[in-house]
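Summary of structural features
Each chain is listed here by its residues.
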Amino acid sequence: MLKPASLANGSPESGASTSLSDIVEAIPDMVARLLNTRLAVVARIESTTYTLMSVVDQHHAIRPGQLYNVLDTFCVHMLETGQPLRINDIAQAPATLRTVAQKLELNIQSYLGVPLFMEDGRVFGSLWVANSTPRHFSDGDVASLQLFARLLMPELAQAELSRHSERIEQTQAIHPNIDPSTGLFAADSFEAVLQREATRHNHSGSVYAVAVLTIEACESAKERYGEYAGDTLRQALADIIMRTSRLVDCCARIDADVFAVLFTETNASGAAAWRKRIDAAVDAWNRVHTTRELVLEIGVGIADCTEDSSFAKRPNALVVSARQRAEAAVQSEKQLHEMV
């Protein structure tokens, strides 16, 4: 039986516990030796970012922690189908896959990858192997890699849950009034920050903008995952908002399926750069989750404090304006789909 040194010290005889890092490092090692491949990788997807968590590479060309755009990886093509991706000879693969190999600059000629899925349907990332020469991956090789993925996922899921809980606790220690499910500011906290920004605007003329995002109910997700589908999609959007916003911005959940971002020293046109980031992140999420029947259908509305003189005295009216635009965007998208 294959037993890497990283797991040996965690054996029952040693009395030591096996950490998540031990497991994440050990599985690629076992996979590489079992399948006799040059590369074995556990990778994570967060928004548009693809992070190498654990790497076994005989050529030492890549290392843990390296980042890629998820759209530049084999993983995105695999997740579009929700099935393992097997490429015995990249030179004979479709042009889109040959391009991926060139972008990664890994000098690989064969690839086998399987998705890593959470129980709630979310994509965690992928487990994959590759060789510098063409290699015939059998059905048994695919089954073996899928088995290792199933062994890995409970540990990764537990770590994800712990990380989320720790982030909530850390945020609550600084800002007691937050939304406990997403870790964003609660509606009351957001309103307080908004009022302070409005006061600053009245005193110094500083500009600020507000974006409101609404989630449209995804019926297919409800049918497949039940009542928890809404929680999954809300957390997905919350994570995207946090990753695409600046540290100085205030991100909040102000209603059940309504989120808001307050941008300081930014007008509506300045918020357009953020809008591009969030659109790209949502598109990336949907691209890898479509086969899981988890799709983020959102409307976005943006307004700034200079658009209407009444906003200076009633900043909540600015939020209402942005929300109306977000809801109008959702309705417009619905009508477009109905026409198609």
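Everything quoted here is computed from the prediction, not taken from an experiment.

Procedures and definitions
- Every chain is numbered independently, its residues counted from 1 as its sequence is written.
- This being a predicted model, a pLDDT of at least 70 is required before a residue's local features are given, and a value of 80 or more before pairs of side-chain atoms are given or counted; all residues contribute to the totals for chains, interfaces and linings.
- Calculated side-chain values reflect all of the structure's heavy atoms, with hydrogen atoms and water omitted.
- Exposed residues in this analysis have more than 50% of their type's maximum accessible area, buried residues have under 20%, and partly exposed residues fall in between, with area computed by a 1.4 Å probe over protein chains only.
- Numbering goes from the N terminus for both helices and strands, where a helix is a DSSP run of H or I of at least four residues and a strand is a run of E of at least two.
- Think of it this way: DSSP has to see at least two bridges between two strands before they count as a pair.
- Here, the term nonpolar core denotes a set of buried Ala, Val, Leu, Ile, Met, Phe, Trp, Tyr and Cys residues that are joined through side-chain atoms within 4.5 Å.
- Throughout, a residue-residue contact means that at least one pair of heavy atoms, one from each residue, lies within 4.5 Å.
- Known as pLDDT, the predictor's confidence for each residue is given on a scale from 0 to 100.
- Buriedness of a pocket was judged along seven lines, with at least five required to meet protein on both sides within 12 Å; pockets are open sets of points on a 1 Å grid over the protein atoms alone, cavities are sets where a 1.4 Å probe fits but cannot get out, and lining residues have an atom within 4 Å of a point.
- Grid points are joined across faces, edges and corners, and a volume is the space filled by probe spheres set on the points.
- In this classification, the charged set is Asp, Glu, Lys and Arg, the nonpolar set is Ala, Val, Leu, Ile, Met, Phe, Trp, Tyr, Cys and Pro, and all remaining amino acids, among them Gly, are polar.

Further remarks concern the pairing of strand 1 (residues 39-46). Judged by how many residues are buried, strand 1 sits mostly within the fold: eight of eight residues are covered. Both faces of strand 1 are covered, namely the face carrying Leu 39, Val 41, Ala 43 and Ile 45 and the face carrying Ala 40, Val 42, Arg 44 and Glu 46. Note: strand 1 against strand 2 (residues 49-57), eight bridges, orientation antiparallel. Each bridged residue has a counterpart across the sheet, and for Arg 44 the counterpart in strand 2 is Thr 51. As defined by bridge partners, strand 1 adjoins strand 6 (residues 123-131) across six bridges and the pair is classed as antiparallel. Bridge pairing in strand 6 links Val 41 to Trp 128.

What follows concerns the nonpolar core. Generally speaking, a soluble globular protein has its nonpolar side chains buried in company with each other. Judged by nonpolar contacts, the single largest core of 31 residues is most densely connected at Leu 39, Tyr 50, Phe 74 and Trp 128. At the level of elements, strand 1, strand 2, helix 3 (74-81), strand 4 (85-87), helix 4 (95-104), strand 6 and helix 9 (272-289) are the ones that each hand at least two residues to this core. Per element, the largest residue contribution to this core is five residues, and it comes from helix 3. Not counting the four nearest positions on each side in its chain, Leu 39 is found in contact with Val 55, Val 56, Asp 57, Ile 62, Leu 106, Ile 108, Trp 128, Val 129 and Ala 130. Grouped together as the second largest cluster of nonpolar side chains are 29 residues, Ile 215, Ala 229, Cys 251 and Val 300 included.

To continue, consider the confidence of the model for the chain. Chain-level statistics for the chain give a pLDDT mean of 88 and a share of 92% at 70 or above. Taking the mean pLDDT of every element in the chain, the minimum, 40, falls on helix 1 (residues 5-8) and the maximum, 97, on strand 4. With pLDDT under 50 throughout, residues 1-16 is counted as low confidence; its partners more than four residues away or in other chains account for 23 contacts.

Time to look at empty space enclosed by the protein. The full count for this structure, using the stated rule, is two cavities of 30 Å³ or more. Empty space within the largest cavity amounts to approximately 260 Å³. Around the largest cavity, the lining comprises 19 residues; the ones closest to its centre are Ile 45, Glu 46, Ser 47, Val 123 and Trp 285. Among the secondary structure elements, those contributing two or more residues to the lining of the largest cavity are strand 1, strand 6, helix 8 (228-244) and helix 9. A breakdown of the residues in the lining of the largest cavity according to their chemical character gives eleven nonpolar, two polar and six charged. Of the volumes computed, that of the second largest cavity is approximately 40 Å³. Surrounding the second largest cavity, Tyr 50, Thr 73, Phe 74, Cys 75, Leu 104, Tyr 111 and Trp 128 form its lining. Split into classes, the residues belonging to the lining of the second largest cavity amount to six nonpolar, one polar and no charged.

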